[in-house]
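# Inside the fold
Spelled out, the chains give:
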Amino acid sequence: MGSSRRIAWVDYAKGIAIIGVFILHSNAPEAIIHTVDAFCMPLFFVLSGFVFSIRRYSSFRPFLWNKFRTLISPGIFFAVVPFVIERVIGMFSGNTWTAKAYAEWILGIAVNLRGREGFGNIPWFLTCLFVVEIGGYILLRLSKRFSLPEWAFIGVGAASILIGYLYSSFIHIVLPWGVDIALSMFGFFVFGYVMRIHQETIERVTHPLTAVIAVALLVVATMLNARQPVNVYMNTYGNIGCYLIGAFAGIWTILAVCISLNHVPSRGFLLSALTYCGRNTLVFYCVNAPVYGTLIPFVLGMVGLDIDGGSIANQLLCMFGAIVINLFICSAVAEIMNRWMPGVLGRSHDSAPSAKRR
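The written sequence of each chain sets the order in which its residues are numbered from 1. Restriction of local features to residues with pLDDT of at least 70 applies here, the model being predicted, together with a cutoff of 80 or more for giving and counting side-chain atom pairs; totals for whole chains, interfaces and linings are based on all residues. Side-chain numbers here rest on the full set of heavy atoms in the structure, without hydrogens or water.

### With respect to helix α11 (residues 240–261)
Formally: Only DSSP runs of H or I with at least four residues qualify as helices, and only runs of E with at least two residues qualify as strands; both kinds are numbered from the N terminus onward. Here a helix's expected span is defined as the number of its residues, less one, multiplied by 1.5 Å. Polar contacts, as counted here, are pairs of nitrogen or oxygen atoms within 3.5 Å of one another; within protein the pair requires one atom able to donate a hydrogen and one able to accept it, and residues that are adjacent in sequence qualify only if both atoms are side-chain atoms.
Along its 22 residues, α11 runs 32 Å from first to last C-alpha, staying within 8% of the 32 Å computed at 1.5 Å per residue. Capping of α11 at its N-terminal end is provided by N239; its side-chain oxygen lies 2.9 Å from the backbone amide nitrogen of G241.

Here it is, written out as structure tokens:
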């Protein structure tokens, strides 16, 4: 663990996961939304755990600084820039803010509670992942000190998912920095770490045919959980059995597909595009956050699509339209960031994805 060599199928899976986020933030049919929601964010945390390592950190301080630099700092940047643009437009249109309103927005960035109108927010996934990776650091340090066996990691992961589920079901209070969601997602992160230990076995047993069974389980679990479908942002999961079956079946499906793609002799446009998306998920996620609620509906409305419901055909067109618009805008911003502003992302010019292609 801890090699800097990228794993192609992990990038493919991250690319599919970020496209899943685009679907969730679109006028897609409800059945598709619920199915993607069942596994999309757990998949992100599994993949994050799979590539997680603390080997190059001598102590907690450099680890914490690195995570702040690569997660929180970009999140603040992508929260502030759209806010400044919106405020400039607002001032020219007569929509001025009071000093109190600005103070509340800044306070929101510091506290970062989801869904608070008028308060600034770093994209919740970044703060939640920040909290989860701190937990990962603590767990690995404890493991090294006390020589924890593998079953202890599995136990911690299972306990975390259970505690997060119970918190969601019986307390359900939104906590700063996505800590409430982190209670559940930390378990998937730990399972991802354990999977890395068994990478060769995972790559051997995830045969494409197993994805057929996994898809069937995912669909059935999603249908049975329809009364209160999974919504990680809202920290709601419905029936715990359906939630876990759907999440792991969806994760298995994507891993089986991506590991199979890894054996394709030559990479075509699709695999290159998935790789690019997977290597730029942070930018894609942050850019999607301010555009999906206003800009994308505006563009789709301009071409005559009903961006709120409508027929199934209309919803599918909205979904594909949102994916295309997101890919275009997010890729453009990713190129700008990687070529000219990699420091904002906590990267050097040599490590940016664009630089590696040249």
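### Focus on helix α5 (residues 99–111)
What counts here: A simple rule labels every residue: compare its accessible area, found with a 1.4 Å probe on the protein chains alone, to the largest value its type can have, and call it buried under 20%, exposed over 50%, or partly exposed in between. It is the directions from the helix axis to the C-beta atoms whose arc is reported.
Over its 13 residues, α5 extends 18 Å from the first C-alpha to the last, a length consistent with the 18 Å expected when each residue adds 1.5 Å. Taken as a whole, α5 has its buried residues at A101, W105, G108 and I109. In an axial view of α5, the angular spread of the buried residues amounts to 100 degrees, which keeps them on one side of the axis. Exposed positions of α5 whose direction lies more than 90 degrees from the buried face are A99, K100 and I106. Just downstream of α5, N112 is the residue with a positive phi angle, here 55 degrees.

### Observations concerning unusual backbone geometry
Here N112, not a glycine, exhibits a phi torsion of approximately 55 degrees, which is positive. Topologically, N112 is positioned in the loop between α5 and α6 (124–146). Unusually for a residue other than glycine, N235 sits at a positive phi of about 60 degrees. In this structure, N235 sits in the loop between α10 (208–224) and α11. Take N235: its relative accessible area is 1%, and that puts it in the buried class.

### Regarding the environment of N239
Cut-off, in case you're wondering: Any two residues whose heavy atoms approach within 4.5 Å at even a single point are treated as in contact.
Residue placement: N239 occurs in the loop between α10 and α11. Remark: the alpha-carbon pair of N239 and G135, spanning 104 residues in sequence, is separated by 26 Å. Among all residues touching N239, those that are not within four sequence positions of it are Y165 and N225. From its side chain, N239 meets the backbone nitrogen of G241 in a polar contact 2.9 Å long.

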